[in-house]
Amino acid sequence: MSQPIKRTLSIIAIIIASAAFGMILTADLGWMKRSSAQQTSSMTVESSVQPVAVTIPSFAAIADRVMPAVVSITTTEVLKESEVRRRQGGGTDPFEFFFPDPRRPPRQNEDDDERQQKSGGSGFIISNDGYILTNNHVIENATKVEVHYGDDENGNGGTTVQAKVIGRDPATDLALIKIDGTNLPTVRLGDSDRIRRGDWAIAIGNPLQFSNTMTVGVISAKGRSLGISEATQSFENFIQTDAAINFGNSGGPLLNINGEVIGINTAIRAYAQNLGFATPVNVAKKILTQLRERGKVTRGYLGISIRDVEARPGTREAFNLPSNEGAVVEAVREGEPADRAGIQNGDVIVGVDQMKVRKTRDLIDYVSDQPPGSTVKVSLFRNGQRKTVSVRTTERPLTAAEGEEAPTNETQSPARNKLGVSVQEITAGVRQRYGIADAMQGIVITDVKSVSAAGEAGLAEGDVITEVGGQRVSSIAQFREIVERAKSGQYLRMYISRPARSGRAQSFFAIVQVP
């Protein structure tokens, strides 16, 4: 064999031996460096937290336990024919509550302008002797209330009895009715303060007359205010859920995963999907004793209209406040407790007795819980200075809305170019044109530029400006002086009286940022 061939064979043998030796070392001793891909994979396996096994619960046991205590309520009401047609037409209210019976009875007399209307809702038994909690709007104005309960799981059987209305509270839209019975099935009342967004929510009731219906979802939000009516707007504090709620669910229970009532199904957003609202059960627990013993609820009352400081940008700066917490007094009703105690519009309430007032809800709930005739100490800021006044509460009227308010030759003011408003001094003709009360003093807005500081603040034609920056104004000259003195970027608070052109008159503060 030639020398070159021998050299070549030797080199090949050395390479093969080296490779084999390297494989032995790395396999037996782990000396071979891992690739980045190997390293990442290994680290992922070693450092990952093992997922917790999640078991979707069955709600069958809750259904078996709770369904027997959920009742169907049918009410009979005598209505004018015009009202029947209005209801059948749907009206314009986007919130729907109960399910009217679609079967129209034949008219016996075409000249008869009244007929009976049957409606349906739900409720649930809270005591074994027959007390039932439901919505006020389910039984309001009813001449007859019937309760059906005890169906089997297929909706068969059961008992129908007449019920007696024990008590109603329009402010919270709750009612207590009673049927005769002993050892009736009941549901447990839970604690709505402990629920969290994302918790399970279970709705039971009789939607669209389908009895014993259960739907499941989650708590979508808390503390919702819908402005359903003047009677309820101060106390609206709804739980929002995506558990399906439909016509006829009103008054039925909203349950937690333990089958305890956390809310009373009250309203739906008719033109949306899975937007249901329930009154927190803790609201009901507070008033049950009064409903049972007195048939109504009495609450403490100050006689003011308020809104959250944080509701409108610039309020803190405009009122010279230390924080965005508190309730701005928009209006004080003449002769009511707050008026007698010297509280003024523009005061910002930050405390009551020993409790801090961060939002209007804090003040409304606290004062409402006090018996009429009790004295509360109200802490407030007035023109940047802190004060404390004592107020003796009175009984809250049923129609009161103590809470957030849903809020000629013309003389052109130079403020038109700065804030976007045209104003005029009030004359007899102006009063007649805009419906301004004789006693009202100030200047009237005759035009608002839509894209302007005034337009963004919600000012409108016909609004009467009575104060700017805490100073009363009764002439265009006074208004002009204050506005021209304001610096760019400054927030001006304007006290506005809006005549009752549609609905009721309003008084409120508008916060206008100077361009």
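Details of the structure are given in the entry above.
Residues numbered from 1 in each chain as written. Predicted model: local features only at pLDDT ≥ 70, side-chain atom pairs only at ≥ 80, totals over all residues. Heavy atoms only, no water.

## Considering unusual backbone geometry
In plain terms, the rule: Secondary structure is summarised from DSSP: a helix means a run of H or I of at least four residues, a strand means a run of E of at least two, and numbering begins at the N terminus for each. Throughout, exposure labels follow a simple rule: accessible area from a 1.4 Å probe, protein chains only, divided by the maximum for the residue type, with under 20% read as buried, over 50% as exposed, and the rest as partly exposed.
In this structure, Asn183 takes a positive phi of about 50° despite not being glycine. The topology assignment puts Asn183 in the loop between β9 (174-178) and β10 (200-205). For Asn183, a relative accessible area of 69% translates into the label exposed.

## Here's the deal with helix α9 (residues 360-369)
For the record, the criterion: It is the directions from the helix axis to the C-beta atoms whose arc is reported.
All of the buried residues in α9 are Thr360, Leu363, Ile364, Val367 and Ser368. When α9 is viewed along its axis, its buried side chains cluster within an angular range of 115° and face the same direction.

## Considering the packing of aromatic side chains
As a reminder, the rule being used: Under the pairing criterion, centres of Phe, Tyr and Trp rings, with the six-membered ring standing for Trp, must be within 6.5 Å; the plane angle then separates stacked pairs below 30 degrees from edge-to-face pairs above 60, leaving the rest tilted. Look at NZ for Lys and CZ for Arg. If either is within 6 Å of the ring centre and within 35 degrees of the ring normal, a charge sits over the ring.
Under the counting rule described, the total for this entry stands at 4 aromatic pairs. Ring geometry for Tyr495 versus Phe509: centroids 4.7 Å apart, planes at 50°, classification tilted. Highlighted residues: Tyr495 in strand β28 (residues 491-498) and Phe509 in strand β29 (residues 506-513), separated in sequence by 14 residues. For the residue pair Tyr495 and Phe509, the accessibility class agrees, reading buried in each case. Through a chain of ring-to-ring contacts, three or more aromatic side chains come together here, namely Phe319, Tyr495 and Phe509. Lying across the ring of Phe319, Arg493 places its NZ or CZ 4.5 Å from the centre.

## Digging into the pattern of salt bridges
Note the threshold: When a carboxyl oxygen of Asp or Glu lies within 4 Å of a side-chain nitrogen of Lys or Arg, that pair is called a salt bridge.
Summed over all chains, the structure comprises 15 salt bridges. The shortest N-O distance in the salt bridge between Lys296 and Glu395 comes to 3.9 Å. Of this pair, Lys296 sits in the loop between α6 (281-294) and β16 (300-301) while Glu395 sits in strand β23 (residues 394-395), and the two are 99 residues apart along the sequence. On the basis of relative accessible area, Glu395 is assigned to the partly exposed category, the value being 37%. Through salt bridges with shared partners, one network takes in Arg307, Arg312 and Glu330.

## Considering the pairing of strand β25 (residues 443-448)
What counts here: Between any two strands, at least two bridges found by DSSP are needed for them to pair.
Inspection of the sheet shows strand β24 (residues 421-425) paired to β25 by 5 bridges, in the antiparallel sense. For Gln424, the partnering residue across the bridge sits in β25 and is Val444. For β25 and strand β26 (residues 464-468), the ladder comprises 2 bridges, and the chain directions are antiparallel. Following the sheet pairing, Ile443 is matched in β26 by Ile465.

## Here's the deal with the environment of His137
Our working rule: Polar contacts, as used here, are pairs of N or O atoms within 3.5 Å; protein pairs need one atom able to donate a hydrogen and one able to accept it. Residues neighboring in sequence count only if both atoms are side-chain atoms.
Tracing the backbone shows His137 in helix α5 (residues 136-139). Between the C-alpha atom of His137 and that of Thr266, which follows or precedes it by 129 residues, the distance is 8.9 Å. Side-chain polar atoms of His137 contact the side chain of Ser250, separated by 3.1 Å.

## As for a nonpolar patch on the surface
Filter applied, for reference: Like-charged residues within 9 Å of one another, or nonpolar side chains (Val, Leu, Ile, Met, Phe, Trp, Tyr) within 5 Å, are grouped into patches, provided each residue has over 30% relative accessible area and no salt bridge. We get accessible surface area from the Shrake-Rupley algorithm with a probe of 1.4 Å; when it comes to residues, only the shown protein chains can shield them.
A cluster of nonpolar residues, Ile56, Trp200, Val216 and Ile257, forms a patch on the protein surface that exposes about 340 Å² of accessible area. For Val216, the position within the fold is in strand β11 (residues 213-224). For Val216, a relative accessible area of 33% gives the class partly exposed.

## Overview of the side chain of Ser127
For Ser127, the position within the fold is in the loop between β4 (114-125) and β5 (131-135). According to the relative accessible area criterion, Ser127 is buried, its value standing at 17%.

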